[in-house]
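Listed below are the residues making up each chain.
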Amino acid sequence: MKLRQLLTACAFTVLSAMPAAAQSWTADNGNGTFTNPLFYDEFSDPDILRVGDDYYLAGTTMHAVPGLVILHSKDLVNWENVAYCFDRFDFTDDRFALRNRQEIYGQGIWAPCIRYANGQFYVFSNINGKGLQCYTARDIRGPWEHHNMQGNIYDLGVLFDDDGKIYAIHGYGTVKSTELKPDMSGPVDGSERVIIPEGNGVGEGHHMYKIDGTYYLISTDYSPNGRTLCSRSKSIWGPYETRVITADETYGYHAARLTQVPRGTRPRIGTDGTKFQLGPLDQDATACTNAHQGGIVQYGDGSWWALFMQDFHSIGRTVCLMPITWKDGWPMVGLEGNLGRAPRTWFKPGEAPSCAPYQRSDNFDAPRLGRIWQWNHNPDDRMWSLRKGRLRLQTMPAEQLMWARNTLTQRVIGPRSIATVELSVKGLKDGDVAGLGNINVPCSWIGIVKDADGSMTLRCFEQLTNDTVTVPVDLVDGKIWLRSIGDYDHDQAQYAYSTDGQTFHTLGRMMPLSYQLITFQGSRHALFAFNVNGKNGGYAEFDDFTVEEPCADRGRNIPYGKTFRIINKATGRPAVCLPHGVLYDSHADDRSERTQFQLVDRGKGLVSIKCLDGRYIKVYGEGLPGDVRFTADAADAEVFLWQDYLDHDFMLLSLRNHRYIGKSPTTGSPYSMDFPGADPARRNGAVLQWEEQ
């Protein structure tokens with residue numbers, strides 16, 4: 001997508017002045033339904049906990065601090081960030097603080113398990129090289145006590161059993177159970193036992209539950225393709241039987257390109273000049289990016305839900321809320337008639353005020369940083385401050401952005417967003433570099449460089465191509481405004497700048513973005529300042545960091561009151577109501593009355609479809625090809641739940657069989673209502689697009 005298309009895609013002009021506040025993505029549609037993802041930013045390895053009428057979600061934070069994020073909800077749809085388990089890593093090793101060219105990118109703390117027992121909260125996780133960690137608190141907001149349990153236990157599920165024993169379930173393929181000491185001082189010596197042997201197709205990322213006397217273990221396997229499984233037994237020790245409970249649910253999202261680093265590269269994050277490549281893109285492959293790894297929970301009304309992560313391109317992994325249907329004693333993801341798949345839009349399990357989990361914009365006027373912010377590795381607290389309504393970063397030696405200490409970061413948010421910050425460079429000294437960047441492998445940034453002669457230049461750097469664009473700038477009062485324009489659903493971003501805070505100019509190309517398994521994170525905004533001359537330098541000051549989300553307001557995504565054509569994404573052809581009585585497709589230029597449609601609003605996202613010739617879509621029988629026909633009676637029209645896929649893409653979900661309207665792009669059959677869902681490329685015939693007439 002070209003820049004102009006990006007800027008106008010949501011009727012939003014990015015190169016002119018923008019309001020300081022904008023609505024942030026929330027899954028709540030305001031009509032009793034929600035649309036996945038719950039948050040359009042990274043939240044990987046989610047684990048869910050219910051305590052009374054409160055729900056808590058814990059997630060991975062890797063090398064960023066504060067660490068182990070915890071969100072709170074009353075309805076599983078609207079969430080608020082209420083805590084982190086720790087402010088900084090308790091370890092003094094250089095690698096936790098980016099000292100002496102040592103780092104823990106993607107190897108910090110990950111895959112937490114949150115539990116409540118004995119009147120307190122427990123969060124278990126692993127720190128690479130340090131073993132199993134546990135954090136406990138009486139109040140979810142803290143203070144939290146750290147227990148270094150050590151032991152080679154990771155990606156675990158923890159069960160507080162009825163007999164008072166505590167079991168950690170861990171391992172890939174060969175699944176093991178290890179008893180933990182009640183005081184969290186470590187594993188019980190000699191207690192490790194294999195409970196599921198290799199050869200049963202079981203994966204990792206374990207979540208263990210005891211439900212009505214039966215042990216249920218949720219795990220995720222990625223070999224040879226991603227899927228989520230459930231194993232059950234009447235005994236913690238087995239034997240276990242295993243079923244796949246969801247597979248191939250990608251919500252129409254294919255994997256992002258993976259960064260490829262040349263074999264033998266040192267350091268492993270590369271350097272400026274490393275010949276990074278972006279791997280091949282297979283839009284049709286489910287791969288391991290489908291909904292997987294997460295927890296299940298019973299809502300207060302008795303319904304069950306899964307909260308699994310789903311790869312959303314270069315954003316990284318985020319969370320989707322999926323209804324569960326119990327079938328023959330198995331917690332199957334999805335709905336009767338379409339088990340294993342789940343709707344993107346569904347009915348909320350409860351009622352709570354609509355809210356986003358974070359306040360992303362920050363004017364730095366408060367005495368503390370907003371909860372959205374994290375440091376890249378442990379910061380040096382002597383070298384940063386909040387003063388006079390600005391964030392001051394004092395520069396320390398670094399050869400490039402990924403080694404810059406005291407870099408402040410927050411996750412990017414999709415599907416599109418624009419982050420802008422005001423930068424004051426009066427305090428920079430020789431060799432200082434300060435600006436706005438993207439912490440990733442490869443990285444990129446835009447910023448001001450101060451040279452030995454005292455001059456300042458604006459530079460845009462892209463590590464993927466090792467490309468630098470430099471322009472002279474005349475700064476008024478030492479200020480410049482820097483901007484990152486992101487189209488994360490299409491894995492691309494571009495930088496821009498302004499010398500007056502009003503008119504912005506792009507710099508550098510529209511850069512491709514990737515996901516990668518080095519930092520194990522998606523794209524992240526970064527406020528940075530460092531010195532390339534190997535010494536402490538001056539300082540940079542940041543103010544008014546704003547995040548604009550032009551697509552967050554989805555109120556106009558459903559074309560109520562409009563006349564539109566329905567274009568099949570697989571063929572590019574419009575749907576036509578044949579006089580013969582079936583729904584078929586026509587040539588691309590057909591704009592006859594029988595290709596024109598309108599919606600009948602049935603409330604709560606439910607709609608009926610009316611052709612402009614007066615007929616309404618009605619589905620007969622099982623929904624096989626040819627069963628999508630018509631009725632003249634509005635009261636007899638089929639009712640569908642609209643599935644919003646953004647950018648005019650949608651699907652129509654039947655409430656009768658929980659399958660979707662669609663047309664095969666290859667068989668020549670008319671429309672049917674028997675599609676299980678979207679494929680990763682959205683070209684299996686189930687994803688449609690509305691085109692206003």
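Rules behind the numbers
Residues numbered from 1 in each chain as written. Predicted model: local features only at pLDDT ≥ 70, side-chain atom pairs only at ≥ 80, totals over all residues. Heavy atoms only, no water. Helix = DSSP H or I, 4+ residues; strand = E, 2+ residues; numbered from the N terminus. Buried < 20%, exposed > 50% of the residue type's maximum accessible area, 1.4 Å probe, protein only. Contact = heavy atoms within 4.5 Å. Areas by Shrake-Rupley, 256 points an atom, 1.4 Å probe, with all protein chains shown as cover. Lys, Arg positive; Asp, Glu negative; His and termini not counted. Charge placed at Lys NZ, Arg CZ, Asp CG, Glu CD. Pairing = 2+ DSSP bridges. Axes fitted to C-alpha atoms, helices over the stretch in contact; angles between N-to-C directions. pLDDT = per-residue confidence, 0-100. Core = buried A, V, L, I, M, F, W, Y, C linked by side-chain atoms within 4.5 Å. Salt bridge = Lys/Arg side-chain N within 4 Å of Asp/Glu carboxyl O. Phe/Tyr/Trp six-rings, centres within 6.5 Å; stacked < 30°, edge-to-face > 60°. Lys NZ or Arg CZ within 6 Å of the ring centre and 35° of its normal. Polar contact = N/O pair within 3.5 Å; in protein donor to acceptor, adjacent residues only side chain to side chain. Disulfide = S-S within 2.5 Å.

**Q** How would you sum up the overall build of the chain? Please name residues and give values.
**A** The helix and strand inventory of the chain stands at one helix and 53 strands. The C-alpha extent of the chain, read off along each of the three principal axes, is 80 × 65 × 45 Å. The proportion of buried residues among the 693 residues of the chain is 63%. Counting only contacts in the chain whose residues sit at least 6 apart along the sequence, the fraction spanning at least 24 positions is 60%. Total accessible area on the chain is roughly 25,300 Å²; 46% of this is exposed by carbon and sulfur atoms. One finds the centroid of the 70 positive side-chain charges in the chain at a distance of 2 Å from the centroid of its 81 negative side-chain charges.

**Q** Account for the sheet that holds strand β10 (residues 145–150), with residues named and values stated.
**A** Across the sheet, which stays open at both edges, the four strands sit in the order β7-β8-β9-β10 with antiparallel pairing between neighbours. At either end of the open sheet lies a strand with only one pairing partner, and these are β7 (109–117) and β10. The mean inter-strand angle of the sheet, taken between neighbouring strand axes irrespective of direction, is 20°.

**Q** Describe the environment of G537, naming the residues involved and giving the relevant values.
**A** For G537, the position within the fold is in the loop between β40 (524–531) and β41 (539–548). The spatial distance from the C-alpha of G537 to the C-alpha of G431 is 7.4 Å, given a sequence separation of 106 residues. When sequence neighbours within four positions are dropped, the list of residues in contact with G537 reads T395, K429, D432 and N531.

**Q** How would you summarise the confidence of the model for the chain if you had to cite specific residues and measurements?
**A** Chain-level statistics for the chain give a pLDDT mean of 95 and a share of 97% at 70 or above. Here residues 1–22 is a poorly scored stretch, pLDDT under 50, and it has 52 contacts once near neighbours within four places are set aside; other chains count.

**Q** How would you sum up the nonpolar core? Please name residues and give values.
**A** The biggest cluster of nonpolar side chains holds 121 residues, and the ones touching the most others in it are I70, W79, W144, L458 and L527. Not counting the four nearest positions on each side in its chain, I70 is found in contact with Y56, L57, A58, E80, N81, V82, A83, C85, I114, V123, I140 and W144. Counting 24 residues, the second largest nonpolar core, distinct from the first, contains F597, V607, W642 and I661.

**Q** With reference to specific residues and values, describe the sheet that holds strand β12 (residues 166–170).
**A** Here we have four strands laid out as an open sheet, ordered β11-β12-β13-β14, and antiparallel in their pairing. Among the strands making up the open sheet, the edge pair consists of β11 (157–160) and β14 (193–196). On average, each strand axis in the sheet is inclined to that of its neighbour by 30°, with strand direction left out of account. Alignment of β11 against β12, held across four bridges, turns out to be antiparallel. Paired with G157 across the bridge in β12 is I169.

**Q** How would you explain unusual backbone geometry if you had to name every residue and give the values?
**A** Peptide bonds are trans in most cases, and residues, glycine excluded, mostly fall at negative phi. In this structure, P66 follows V65 across a cis peptide bond, with omega equal to 5°. Its place among the elements puts P66 in the loop between β4 (64–65) and β5 (67–73). Even without a glycine there, the phi angle at D45 is positive, about 55°. Looking at where D45 falls in the secondary structure, it is placed in the loop between β1 (33–35) and β2 (47–51). Positive phi outside glycine occurs at D248, with the angle close to 70°. Relative to the helices and strands, D248 is located in the loop between β18 (241–247) and β19 (259–260).

**Q** Let's hear about the pairing of β2: which residues, and what values?
**A** Pairing analysis gives five bridges linking β2 to strand β3 (residues 54–59), with the strands arranged antiparallel. Among the inter-strand pairings, R50 is bridged to a residue of β3, identified as Y55. Where β2 hands over to β3, the hairpin turn is made up of two residues, of which G52 adopts a positive phi near 65°.

**Q** Let's hear about the environment of Y55: which residues, and what values?
**A** Within the element layout of this structure, Y55 appears in strand β3. Considering only alpha carbons, one finds Y55 and H72, 17 residues apart in sequence, at a separation of 5.7 Å.

**Q** Now, about the pattern of salt bridges: what can you tell me, with residues and values included?
**A** The final tally for this structure, using the stated rule, is 43 salt bridges. In this structure, R682 engages D649 in a salt bridge whose closest nitrogen and oxygen atoms are separated by 3.1 Å. You can see R682 sitting in the loop between β52 (672–675) and β53 (688–692) and its partner D649 sitting in strand β50 (residues 649–654), a full 33 residues away along the chain. Across this residue pair, the class does not change: R682 and D649 are buried.

**Q** Please provide a residue-by-residue account of the environment of P625, values included.
**A** Take P625: it is sitting in the loop between β47 (616–619) and β48 (628–631). Accessibility expressed as a relative area gives 44% for P625, which makes it partly exposed. Setting aside chain neighbours within four positions, we find P625 in contact with S669, P670, Y671, S672 and D674.

**Q** For the side chain of D585, give the residues involved together with the corresponding values.
**A** On the secondary structure map, D585 appears in strand β44 (residues 583–585). On the basis of relative accessible area, D585 is assigned to the buried category, the value being 10%. Residues contacting D585, with those up to four places away along its chain left out, are T571, R573, P574, A575, V576 and K663.

**Q** I'd like a rundown of the packing of aromatic side chains, residues and numbers included.
**A** Enumeration according to the criterion identifies 29 aromatic pairs in this entry. Grouping aromatic residues by their ring pairs yields a cluster made of F86, F89, F91, F96 and Y135. One residue, R483, lies across the ring of F504, its end atom 3.5 Å from the ring centre.

**Q** Would you mind going over the pairing of strand β36 (residues 467–472) in detail, with residue names and values included?
**A** Direction of pairing for strand β35 (residues 456–462) relative to β36: antiparallel, over a ladder of six bridges. Bridge pairing in β36 links R459 to T470. Where β35 folds back onto β36 in an antiparallel hairpin, the turn is made up of four residues, including N466, whose phi is positive at roughly 55°.

**Q** Kindly report on the side chain of T395, identifying the contributing residues and their values.
**A** Relative to the assigned elements, T395 resides in the loop between β29 (390–394) and β30 (396–397). Separated by 2.9 Å, the side chains of T395 and D432 make a polar contact. Apart from the residues lying within four places of it in its own chain, the contact partners of T395 are M383, D432, A529, F530, N531, N536, G537, G538 and Y539.

**Q** Quick one: what's the story with the state of the cysteines, residue by residue and with numbers?
**A** Within the structure shown, the criterion is met by zero disulfides. Of all cysteine sulfurs, the one in C460 lies closest to C443, which takes part in no disulfide; the gap is 11 Å. You can call C443 buried: its relative accessible area is 2%.

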